[in-house]
Amino acid sequence: MRCKTIERWTLLDRTGELSPRRHGRLQTHLKACDHCRAWRDSTEAITAAAHGALATGTPSEVTMVNIRREARLRAREAARKRPLTLWLRPISGLAAAALCLIAMGGWWMRPTPDPFDGQAQLSTILMMLTEEAMGSEGGGTTLPATADEPLSLDALASELLALQGMDASYTEAELREPGGVPQATDPLTRSRPALPARIYG
Amino acid sequence: MDSEDRRLIAQYREGDVESLSTLVEKYRRPLFGFILNMTEGKGDADDIFQETWFRAIRGLASYRQKNFMGWLVRIARNLVIDRHRRQRPGVSLDARHEEDGSPLIELADRAPGPLGRAATRDDISAVALAVESLPGEQKEVFLMRVQAGMSFREIAVTQKVSINTALARMQYALTKLRPLLRAEFENQRETP
Ligand SMILES: [Zn+2]
């Protein structure tokens with residue numbers, strides 16, 4: 001065992017921070033090593049001498065009074081807060097429970113996802129618009145596929161574009177003429193005038 | 001934690017101001033001694049002692065440490081470092097390194113401490129002067145161990161170093177103090 005390590009163990013032994021196993025090894029080493037015994041003894045002497053000789057002094061009376069005043073002040077402050085805290089404890093518990101219930105209710109009542117996919121919804125919209133168009137013209141239109149027989153997405157998209165007056169079937173003249181192209185209608189709210197009759201297919 | 005400290009702290013938390021006075025009195029000498037040896041005069045030491053207790057009082061509501069004295073010393077040490085930084089804003093904290101390779105924080109050791117200023121006085125013992133002459137971190141470890149009675153684990157936590165570094169600093173301090181004190185011991189032996 002290196003004596004440098006033993007010196008450290010001597011220091012740790014003094015503060016009670018050395019494990020019992022190492023304490024045993026330290027004692028064995030000290031019995032056999034003059035250097036480490038001398039080191040331990042001189043360390044004891046130095047610390048004892050320093051303990052008595054180091055400046056100790058005492059804080060001024062003003063400092064002591066200030067500390068006592070601060071202690072009183074904080075204690076009073078804490079006492080003022082305490083009854084409030086005691087009241088708040090059950091209330092905050094209840095509030096937390098209520099929040100939990102609201103959160104659980106919200107989760108329970110959450111809207112269930114539509115079982116139909118986007119394609120089916122699009123078909124429904126198209127059907128509504130088609131019915132409207134058929135109603136105004138008194139028939140003569142070719143119905144698109146029903147919601148039960150969904151079209152491909154591409155076909156549906158072109159149908160929707162056509163309904164909104166954005167398809168390529170308009171003539172150049174129609175496009176150039178101001179107001180020649182009907183305004184796009186919101187297919188859901190139908191807030192704008194209905195589309196002019198169009199022939200599908 | 002000392003069971004008496006625990007009891008006094010609990011009583012103060014319940015509003016018994018006298019319990020805190022007992023704690024202040026209990027640690028007055030070692031804490032003030034530590035601060036006095038780390039600062040540049042009694043005025044500074046008084047200020048830091050007061051601020052240490054102010055912070056301790058404010059922190060007592062959430063106090064969870066094991067060693068009350070170690071906690072007070074940590075607060076005091078931080079205040080000493082803050083004050084030193086304010087007084088010497090240009091000094092780099094890691095410009096120099098100690099023999100053990102760890103960064104050396106410039107502490108009050110570079111300025112004349114209470115003992116340094118009194119170096120010409122006869123009533124200051126050679127031991128105290130020798131301690132005063134130690135490099136900052138070594139002096140701090142020595143004071144925390146000898147004056148504040150802190151364990152090496154607590155010293156390591158306070159200095160934010162490993163236990164081995166704290167032990168190495170103590171070893172260096174003792175190595176430097178030994179020859180300085182040998183003469184005094186020999187003088188004492190010769191004096192009848
Ligand atoms: Zn040895």
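This one's a predicted model, so the numbers in the text were calculated from it and none came from an experiment. (Residues numbered from 1 in each chain as written. Chains lettered and ligands numbered in written order. Predicted model: local features only at pLDDT ≥ 70, side-chain atom pairs only at ≥ 80, totals over all residues. Heavy atoms only, no water.)

## Concerning the overall build of chain A
The test is simple: What counts as a helix is a DSSP run of H or I of at least four residues, what counts as a strand is a run of E of at least two, and both are numbered from the N terminus. The contact definition used throughout considers only heavy atoms, calling two residues in contact when any of these lie within 4.5 Å. Areas reported here follow the Shrake-Rupley algorithm with a probe of radius 1.4 Å; residue values treat only the protein chains shown as occluding.
A tally of regular secondary structure across chain A gives seven helices and zero strands. Shown N-terminal to C-terminal, the secondary structure of chain A runs as helices and strands in the order α-α-α-α-α-α-α. Sequence separation of 24 or more characterises 53% of the internal contacts of chain A that already satisfy a separation of 6 or more. In the structure as shown, chain A presents an accessible area of about 13600 Å², 61% of it carried by carbon and sulfur atoms.

## Examining the overall build of chain B
Threshold: Residue burial is assigned from relative accessible area. The probe radius is 1.4 Å, only protein chains are included, and a residue is buried under 20% of its type maximum, exposed over 50%, and partly exposed in between.
Each helix and strand counted, chain B has nine helices and zero strands in total. Reading chain B from its N end, one meets helices and strands in the order α-α-α-α-α-α-α-α-α. Every one of the 192 residues in chain B was classed for burial, and the buried ones make up 55%. Once local pairs closer than 6 in sequence are excluded, the contacts in chain B between residues at least 24 apart make up 59%. With the model as given, the accessible surface of chain B reaches about 8700 Å², and the carbon-plus-sulfur share is 50%.

## Remarks on the interface of chain B and chain A
Stated formally: Two parts placed together each lose some accessible area under a 1.4 Å probe, and adding up what both lose gives the buried area. Following the grouping adopted for this structure description, the nonpolar residues are Ala, Val, Leu, Ile, Met, Phe, Trp, Tyr, Cys and Pro, the charged ones are Asp, Glu, Lys and Arg, and the polar ones are all others, Gly among them.
The partner chain A presents 36 residues to the 48 residues of chain B that form the contact. When the two sides are added together, the surface that chain B and chain A hide from each other amounts to roughly 3600 Å², 67% of it contributed by carbon and sulfur. When the buried surface of chain B facing chain A is broken down by residue, B:V146, B:Q171 and B:R178 rank first, second and third, together holding 16% of it. Contributing elements (two or more residues each) for the side of chain B that touches chain A: α1 (3-13), α2 (17-38), α3 (42-59), α6 (126-132), α7 (136-146), α8 (152-159) and α9 (163-190) of chain B. Here the side of chain B that touches chain A is built from residues that sort into 27 nonpolar, ten polar and eleven charged.

## With respect to α8(B)
Residues and elements named next belong to chain B. In terms of burial, α8 is largely enclosed, as six of its eight residues are buried. If you check which residues of α8 are buried, you get F152, E154, I155, A156, T158 and Q159. Downstream of α8 by one or two residues, K160 has phi in the positive range, about 55 degrees.

## Here's the deal with the environment of A:G57
Along the chain, the position of A:G57 falls in the loop between α3 (34-53) and α4 (61-108). Look at A:G57 and you get partly exposed, because its relative accessible area is 31%. Setting aside its immediate chain neighbours within four residues, A:G57 contacts B:R29, B:F32 and B:L36.

## Examining the packing of aromatic side chains
Residues and elements named next belong to chain B. Filter applied, for reference: Stacked, tilted and edge-to-face pairs are distinguished by plane angle, under 30 degrees for stacked and over 60 for edge-to-face with tilted covering the rest, among Phe, Tyr and Trp rings (Trp via its six-membered ring) whose centres lie within 6.5 Å.
In this structure the tally under the stated criterion is six aromatic pairs over all chains. Ring centres of F32 and F49 lie 5.6 Å apart, and the angle between their planes is 80 degrees; on these two criteria the pair is classed as edge-to-face. Residue F32 is located in helix α2, and its partner F49 is located in helix α3; the two are separated by 17 residues in the primary sequence. Clustering of aromatic rings is evident, with ring pairs tying together Y27, W53, Y63, F68 and W71.

## A closer look at the coordination of the zinc ion
Residue and element names in this part refer to chain A. This is how the line gets drawn: Coordination here is defined by N, O and S atoms within 2.8 Å of the metal (3.2 Å for Na, K and Ca), and since water is not considered, a site can look incomplete. For a four-donor site, all angles between 85 and 135 degrees give tetrahedral; for four or six donors, opposite pairs above 155 degrees with the remaining angles between 65 and 115 give square planar or octahedral; all remaining cases count as irregular.
Protein coordination at the zinc ion: the donors are C3 (SG), H29 (NE2), C33 (SG) and C36 (SG), at 2.1 to 2.3 Å from the metal. Around the zinc ion, the four donor atoms are arranged such that angles at the metal cover 100 to 116 degrees; this shape is classified as tetrahedral. For the zinc ion, the single-chain donor residues occur in sequence as C-x25-H-x3-C-x2-C.

## Some words on the packing of α3(B) against helix α4 (residues 68-87) of chain B
All names here are of chain B. Formally: Note on definitions: angles span 0 to 180 degrees between N-to-C directions of axes, and those axes are lines fitted to C-alpha atoms, for helices only across the stretch in contact. For classification purposes, an angle smaller than 35 degrees is called roughly parallel, one larger than 145 roughly antiparallel, one from 65 to 115 roughly perpendicular, and anything else oblique. Rotating anticlockwise by less than a right angle from the far helix to the near helix defines a left-handed crossing, while the corresponding clockwise rotation defines a right-handed one.
Contact geometry of α3 with α4 gives a least axis separation of 9 Å together with a crossing angle of 130 degrees. Between α3 and α4, the interaxial angle falls into the category oblique. Considering only the axes of α3 and α4, their crossing is right-handed. Across the interface between the two elements, D44, D47, I48, E51, T52, W53, R55, A56 and G59 from α3 touch F68, W71, L72, I75, A76, L79, V80, R83 and Q87 from α4. Of the residues in the contact of α3 with α4, the class split is ten nonpolar, three polar and five charged.

## Observations regarding the pattern of salt bridges
Stated formally: Salt-bridge detection follows one rule: a side-chain nitrogen of Lys or Arg within 4 Å of a carboxyl oxygen of Asp or Glu.
Considering all chains together, one arrives at 19 salt bridges over all chains under this definition. A salt bridge links B:D47 to B:R83, with the nearest nitrogen and oxygen atoms 3.5 Å apart. With B:D47 in helix α3 and B:R83 in helix α4, the pair connects residues that are 36 residues apart, well separated along the chain. A relative accessible area of 42% means that B:D47 is categorised as partly exposed. B:R83 gets classed as buried once you look at its relative accessible area, which sits at 19%. Via salt bridges that share partners, A:E70, A:R74, A:E77, B:E51, B:R55 and B:R58 belong to a single interconnected network.

## Some details on α3(B)
Formally: By this rule the span expected of a helix is its residue count minus one, scaled by 1.5 Å.
The terminal C-alpha atoms of α3(B), which comprises 18 residues, lie 25 Å apart, in line with the 26 Å expected from a rise of 1.5 Å per residue. Among the residues of α3(B), B:D44, B:A45, B:D46, B:I48, B:F49, B:Q50, B:T52, B:W53, B:F54, B:A56, B:I57 and B:G59 are the ones counted as buried.

## Focus: the nonpolar core
To keep things clear, this is the line we draw: Buried residues of nine kinds, namely Ala, Val, Leu, Ile, Met, Phe, Trp, Tyr and Cys, make up a nonpolar core once their side-chain atoms join them within 4.5 Å.
With 71 residues, the main nonpolar core has B:L31, B:F49, B:W53, B:F68, B:F142 and B:F152 as its most contacted residues. Here B:W53 is in contact with A:I67, B:L23, B:V24, B:L31, B:F68 and B:L72, once residues within four sequence places are set aside.

## Quick word on unusual backbone geometry
A negative phi holds for most residues other than glycine; trans holds for most peptide bonds. Residue and element names in this part refer to chain B. Unusually for a residue other than glycine, K160 sits at a positive phi of about 55 degrees. By the element assignment, K160 lies in the loop between α8 and α9. In this structure K160 comes out as exposed when scored by relative accessible area, which is 71%.

## Notes on the confidence of the model for chain B
All names here are of chain B. Defined as follows: For every residue, the pLDDT score states the predictor's confidence, bounded by 0 at the bottom and 100 at the top.
A residue-level look at chain B finds 76% of positions with pLDDT of 70 or above and a mean pLDDT of 80. Put simply, helix α5 (residues 114-117) is where chain B has its lowest mean pLDDT, 44, and α7 is where it has its highest, 94. Contacts from residues 92-123, a stretch scored under 50 in pLDDT, to residues over four places away or in other chains number 73 contacts. Both scores are available for the predicted complex, with the pTM at 0.61 and the ipTM at 0.77.

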